[in-house]
Amino acid sequence: MSSYLIKNANIVNEGSIFAGDVLIQNDRIAEIGESISVKSSETRVIDADGHYLIPGMIDDQVHFREPGLTHKATIATESKAAVAGGITTFIEMPNTVPQATTIDLLEDKFAIAANDSWANYSFMFGGTNDNLEEILKVDPTKVAGLKLFLGSSTGNMLVDDPKTLENIFSKTKLLISAHCEDEDTIKANLEKAKEEFGDDIPISQHPIIRSEEACYISSSRAIALAKKTGARLHVFHVSTAKETGLFSNKKKLKDKKITAEVCVHHLWFTDKDYEAKGTKIKWNPAVKTEKDRDGLWKALLEDKIDVIATDHAPHTIEEKNNGYLKAPSGGPLVQHAVEALFEMHHRGRISVEKLVEKIAHNPAILFEIKDRGYIKVGYKADLVLIDPNSPWTVTKENTDYKCGWSPFEGTTFRSRITHTFVNGGLAYEGGKYGNKPKAERITFNR
């Protein structure tokens, strides 16, 4: 049981910012008003001092590495870092060890999260070339969706058989989220790079190997198949300006059958950063050109791209410090994503209202998540207070990922998260963690 009264906040919700108070009772938002009086001596009052109060970020794509890859990360460590970063709900991917490609294996992950997670959670079920029968058993009201790797993946999760893909798209009732890169194009580009550089391929070749063409071929094929079959398709981590032309803003999000996500790293970095950051910014799809980054921002603001996520995918620094061919793709982001986006607000890229729409409201709409993603009476109290004028610099020492590093090291953010509430529990305050909140398996209005 808990009761908090947040006073004097700039509340950001549904396209507006207004001064007011929010009363939290137990796990829900009980009241929102211009001036709310304390109703109980047991209610703790927090003076927001004009800071922004936003709904917690719903991150629709993370890799928390558990089970099987826990030397890199665990659900406990990464969800805790996520809470420090203002992420109160996450959807985790199936490419763990073992891969979550059966209902039993998927439920094993839910069980781990029920015990260990600091943030609310759901998981994607993994599709393969040979598990359609299992896919059709998944209950869409209990699971976030189906993840398909249409480009390189670990194990047997590359789904590249055309008949299998059409069967999945035609028969599943799940929301399909897809990683879109064309494997044949990537292989051909890699062979060219090996011919030129041997085994010592420079990291600057990454966006040339995993090229605009590779992304566009795969995305356009997936979208064409979704249109043909009527499937509900969500394209993960769009990374090129060219791909943005595949998406539309002519319908409201709730009515769209085809949607798109962009990730923080594709909105922040460009190929000019490879020289300084090296393999620390090696992601799949690759960080590409400044023109691509600008095109992604344009599509995001025009509502052709619907949500912002992290694709948080940690590896140890020893793994990342390998040469190009051996260094794995992916990096840790959940602790710094919201503050990085607020930094882009300071730079004039995006309004606070639009930012909140893309990280909280829209993921809730897109996945039909029940009672989250907004500051509304009766909704779960997943809330974040942000001081927009409290500069701080990312260092190894203040980074909480299990892998112990961040691609943002040395970056100064002007905004700072001061409080994070998860289901009404104060999980993070003033740079310190509180009691572990009672995180919940999210539910869906489907």
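Residues numbered from 1 in each chain as written. Predicted model: local features only at pLDDT ≥ 70, side-chain atom pairs only at ≥ 80, totals over all residues. Heavy atoms only, no water.

Chemist: Give a description of the nonpolar core that names residues and reports values.
Modeler: Counting residues in each nonpolar core, the largest one holds 102 residues, and the members touching the most others are I54, L148, F169, L233, I359 and F408. Among the elements that take part in this core, helix α12 (residues 337–346) stands out by supplying 6 residues, more than any other. Apart from residues no more than four positions distant in its own chain, I54 is found in contact with V12, F342, V356, I359, I375, D382, L383, V384 and I386. M124, L253, I369 and Y374 belong to the second largest nonpolar core, which has 17 residues in total. (Core = buried A, V, L, I, M, F, W, Y, C linked by side-chain atoms within 4.5 Å. Buried < 20%, exposed > 50% of the residue type's maximum accessible area, 1.4 Å probe, protein only. Helix = DSSP H or I, 4+ residues; strand = E, 2+ residues; numbered from the N terminus. Contact = heavy atoms within 4.5 Å.)

Chemist: Outline α12, supporting the account with residue identities and numerical values.
Modeler: The buried count for α12 comes to 8 of 10 residues, which makes it a mostly enclosed element. G348 sits one or two residues past α12 and shows a positive phi near 90°.

Chemist: I'd like a rundown of the layout of surface pockets, residues and numbers included.
Modeler: Quantified by volume, the second largest pocket comes out at close to 390 Å³. Around the second largest pocket sit 17 residues that line it, and V159, D160, L165, D182 and R221 are the ones nearest its centre. Elements with a minimum of two residues in the lining of the second largest pocket: α4 (162–171), α5 (183–197) and α7 (212–229). The leading source of residues in the lining of the second largest pocket is α7, at 5 residues. (1 Å grid on protein atoms, 1.4 Å probe; cavity = no way out; pocket = protein on both sides within 12 Å on 5 of 7 lines; lining within 4 Å. Points joined across faces, edges and corners; volume = space filled by probe spheres on them.)

Chemist: Could you give an account of the sheet that holds strand β8 (residues 120–126), with specific residues and numbers?
Modeler: Spatially, 8 strands are ordered β6-β7-β8-β9-β10-β11-β12-β13 in an open sheet, and the strand pairing comes out parallel. The open sheet has two edge strands, β6 (57–62) and β13 (307–309), and neither has a second partner. Pairwise comparison of adjacent strand axes, ignoring direction, gives a mean angle of 30° for this sheet. Across 3 bridges, β8 lies against strand β9 (residues 145–149) in parallel orientation. Across the sheet, F125 pairs through a bridge with L146, a residue of β9. α7 contacts β11 (233–235) and β12 (258–263) of the sheet and is inclined by roughly 165° relative to β11. (Pairing = 2+ DSSP bridges. Axes fitted to C-alpha atoms, helices over the stretch in contact; angles between N-to-C directions.)

Chemist: How would you summarise the side chain of E319 if you had to cite specific residues and measurements?
Modeler: Among the structural elements, E319 can be located in helix α11 (residues 317–320). One polar contact links E319 to K72, side chain to side chain, over a distance of 2.9 Å. In this structure, E319 is in contact with H71, K72, A327 and P328, ignoring residues within four places of it in sequence. (Polar contact = N/O pair within 3.5 Å; in protein donor to acceptor, adjacent residues only side chain to side chain.)

Chemist: Give me the pairing of strand β7 (residues 87–92): which residues, what numbers.
Modeler: β7 sits mainly inside the fold: 6 of its 6 residues count as buried. Where β6 lies against β7, 4 bridges are found, and the strand directions are parallel. Bridge pairing in β7 links I58 to T89. Handedness of the β-α-β unit built from β6, helix α1 (residues 75–84) and β7 comes out right-handed. Sheet topology places β7 next to β8; 4 bridges connect them, and they run parallel. Counted as the bridge partner of T89 is N120 from β8. (Right-handed = clockwise from strand over helix to strand, strands pointing away.)

Chemist: Describe in detail the packing of α1 against helix α2 (residues 103–116), supporting the description with residues and values.
Modeler: The N-to-C vectors of α1 and α2 enclose an angle of 55°; their axes lie 10 Å apart at closest approach. Taken together, α1 and α2 sit at an angle that is classed as oblique. Crossing of α1 against α2: the hand is right-handed. Mapping the contact onto sequence places I75, A76 and S79 in α1 and K109, I112, A113 and D116 in α2. In terms of residue class, the contact of α1 with α2 is built from 4 nonpolar, 1 polar and 2 charged. (Parallel < 35°, antiparallel > 145°, perpendicular 65-115°, else oblique. Left-handed = near helix turned anticlockwise from the far one by under 90°. Nonpolar A, V, L, I, M, F, W, Y, C, P; charged D, E, K, R; others polar.)

Chemist: How would you summarise the side chain of K282 if you had to cite specific residues and measurements?
Modeler: Within the secondary structure layout, K282 lies in the loop between α9 (274–277) and α10 (290–301). Notably, K282 is buried but unbridged: the nearest opposite-charge side chain belongs to E181, and the N-O separation is 11 Å. A polar contact is formed between the side chain of K282 and the backbone oxygen of Y324, at a distance of 2.8 Å. Side-chain polar atoms of K282 contact the backbone oxygen of A327, separated by 2.6 Å. In this structure K282 touches I203, H206, K320, Y324, A327, P328, S329 and G330, once residues within four positions along its chain are discounted. (Lys, Arg positive; Asp, Glu negative; His and termini not counted. Salt bridge = Lys/Arg side-chain N within 4 Å of Asp/Glu carboxyl O.)

Chemist: Explain the packing of aromatic side chains to me, using residue names and the numbers behind them.
Modeler: The full count for this structure, using the stated rule, is 16 aromatic pairs. Connected via pairs of aromatic rings, a cluster forms that spans W268, F269, W283, W392, F408 and F413. The side chain of K80 reaches across the aromatic face of Y433, ending 4.7 Å from its centre. For the cation-ring pair, K242 lies above Y216, with the distance from its terminal atom to the ring centre recorded as 4.4 Å. (Phe/Tyr/Trp six-rings, centres within 6.5 Å; stacked < 30°, edge-to-face > 60°. Lys NZ or Arg CZ within 6 Å of the ring centre and 35° of its normal.)

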